[in-house]
Every structure is written in C-alpha cells, then in structure tokens.
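# Commentary on secondary and tertiary structure
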Amino acid sequence: MVMWASDNRAGKVREGLTLLLSQGLIEDFEIRPDDEHPYRVTMPVGVIPLTEHQAAHFLLGAVTARFGPLARHTP
C-alpha cells in the first residue's frame, strides 16, 4: 500500500496539509509557489508562513501530536 499519491515532496506536503485540514487541526492553507515562504497555514492564532522544509516538520509534529496517543493506546 502506498501512503502518498504524490511522488515529490511538494505534493506530499500538500497531501499532508489536506489531511490536517480534513481532521480540523488547521483552519485552511494556501500555497504561493513564487513566495519565499510559499506555505501559508491558517490556525486560530493567525497565518503561519512556512518554507517547504518547515511545512514538512510542522506536519510531522501536528500528526504526531494528534495521532500519537491513539497509536500508543492499547485496548
């Protein structure tokens, strides 16, 4: 099974942000390819501008914080 539909990092970051949006962890996101910080993530605290590298780390932290406790829970 392939986790990512995209085969490049930019596509994977977009898919990850879409996952966070669908789970209600972020309010919205925008990608501005020509900007120095092309990923704009909207959260209750405001808009966070990120580079692709920063966005990838943001995704890892957000997914770990959200789903980590569920993965460690033993019935």
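The notes below deal with the structure included here. (Residues numbered from 1 in each chain as written. Predicted model: local features only at pLDDT ≥ 70, side-chain atom pairs only at ≥ 80, totals over all residues. Heavy atoms only, no water.)

Bringing the packing of helix H1 (residues 9-22) against helix H2 (residues 52-72) into the picture now. Between H1 and H2, the shortest axis-to-axis distance is 10 Å and the interhelical angle comes to 40 degrees. Considering their axes alone, H1 and H2 lie oblique with respect to each other. Of the two possible hands of crossing, H1 and H2 adopt the one that is left-handed. Residues Arg-9, Ala-10, Val-13, Gly-16, Leu-17, Leu-19 and Leu-20 of H1 form the contact with H2, whose participating residues are Glu-52, His-53, Ala-55, Ala-56, Phe-58, Leu-59, Ala-62 and Val-63. Residues of the contact of H1 with H2, tallied by class, amount to eleven nonpolar, two polar and two charged. (Axes fitted to C-alpha atoms, helices over the stretch in contact; angles between N-to-C directions. Helix = DSSP H or I, 4+ residues; strand = E, 2+ residues; numbered from the N terminus. Parallel < 35°, antiparallel > 145°, perpendicular 65-115°, else oblique. Left-handed = near helix turned anticlockwise from the far one by under 90°. Contact = heavy atoms within 4.5 Å. Nonpolar A, V, L, I, M, F, W, Y, C, P; charged D, E, K, R; others polar.)

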